[in-house]
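Geometric and topological summary
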Amino acid sequence: FIARVRLQRGKTEKGVYHRLTEAQIRLLDEMGVGRPFENIVSWDDRFEELKQFKKEEGTTKTLNERLRSGSKWVQLKRWMTYQKKVYQQITEEGKTSNYLTDERIKKLQDIGFEFGVQEKVV
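For the structure given in this document, a descriptive report is provided here. (Residues numbered from 1 in each chain as written. Predicted model: local features only at pLDDT ≥ 70, side-chain atom pairs only at ≥ 80, totals over all residues. Heavy atoms only, no water.)

Before going further, it helps to examine the side chain of threonine 59. Looking at the element boundaries, threonine 59 is found in the loop between α3 (43–57) and α4 (74–93). On the accessibility criterion, threonine 59 (18% relative accessible area) is buried. At 3.1 Å, the side chain of threonine 59 and the backbone nitrogen of lysine 61 are in polar contact. (Helix = DSSP H or I, 4+ residues; strand = E, 2+ residues; numbered from the N terminus. Buried < 20%, exposed > 50% of the residue type's maximum accessible area, 1.4 Å probe, protein only. Polar contact = N/O pair within 3.5 Å; in protein donor to acceptor, adjacent residues only side chain to side chain.)

Spelled out as structure tokens, the structure:
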């Protein structure tokens with residue numbers, strides 16, 4: 001529970017969409033619930049990391065040999081996998097997403113990111 005609260009709290013401090021109200025944040029402070037983890041990264045930060053990955057590796061595809069344990073790209077791979085999962089939910093299941101917006105999809109497509117499913121044109 002505390003980990004989830006810290007995650008939401010971290011999003012608050014990074015200016016990312018979160019589920020906590022101002023009253024809940026004040027209450028957490030009063031209760032002495034610890035500060036969020038420092039390693040929360042915004043979508044835009046991960047996108048910049050993906051562009052760096054492409055610059056260094058020449059592709060946006062993640063191959064297991066590039067991403068073995070201890071690689072600096074492991075967290076990026078998880079993020080990329082999540083983008084593909086949400087995209088699949090949008091295109092194949094007809095779901096909507098406030099997270100993976102048309103603008104973000106276009107940014108990913110513009111740098112050659114492959115979602116691995118039939119891509120929609122935005």
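Bringing the packing of aromatic side chains into the picture now. Under the defined criterion, the tally for this structure stands at 6 aromatic pairs. On the basis of an interplanar angle of 85 degrees and a centroid distance of 5.0 Å, the ring pair of phenylalanine 53 and tryptophan 73 is categorised as edge-to-face. One end of the pair, phenylalanine 53, is in helix α3; the other, tryptophan 73, is in the loop between α3 and α4, and 20 residues separate them in sequence. No difference in accessibility class separates phenylalanine 53 from tryptophan 73, as the two residues are buried. Note on tyrosine 82 and tyrosine 99: the rings are 5.3 Å apart at their centroids and 65 degrees apart in plane angle, and the pair reads as edge-to-face. Taken as a pair, tyrosine 82 in helix α4 and tyrosine 99 in the loop between α4 and α5 (102–110) lie far apart in primary sequence, 17 residues in all. Put simply, the rings of Trp43, Phe47 and Trp79 pair up and form one aromatic cluster. (Phe/Tyr/Trp six-rings, centres within 6.5 Å; stacked < 30°, edge-to-face > 60°.)

A separate point is the nonpolar core. Leu50, Leu76, Trp79, Leu100, Leu108 and Phe115 are the most contacted members of the largest nonpolar core, which totals 17 residues. Contributing elements (two or more residues each) for this core: α3, α4 and α5. At 6 residues, the largest contribution of residues to this core is made by α4. In contact with tryptophan 79, not counting residues within four places along its chain, are Trp43, Arg46, Phe47, Leu50, Tyr99 and Leu108. (Core = buried A, V, L, I, M, F, W, Y, C linked by side-chain atoms within 4.5 Å. Contact = heavy atoms within 4.5 Å.)

A separate point is the environment of valine 41. One can find valine 41 in the loop between α2 (22–31) and α3. Owing to a relative accessible area of 35%, valine 41 belongs among the partly exposed residues under this scheme. Along the chain, valine 41 and glutamine 75 lie 34 residues apart, while their C-alpha atoms are 9.9 Å from each other.

Following both chains from N to C, one finds α3 and α4 inclined at 110 degrees, their axes separated by 10 Å at the closest point. Classified by the angle their axes make, α3 and α4 are roughly perpendicular. Read as a crossing pair, α3 and α4 show a hand that is left-handed. In contact with Trp43, Arg46, Phe47, Glu49, Leu50 and Phe53 of α3, α4 contributes Gln75, Leu76, Trp79, Met80 and Gln83. Looking at the contact of α3 with α4, its residues break down into 7 nonpolar, 2 polar and 2 charged. (Axes fitted to C-alpha atoms, helices over the stretch in contact; angles between N-to-C directions. Parallel < 35°, antiparallel > 145°, perpendicular 65-115°, else oblique. Left-handed = near helix turned anticlockwise from the far one by under 90°. Nonpolar A, V, L, I, M, F, W, Y, C, P; charged D, E, K, R; others polar.)

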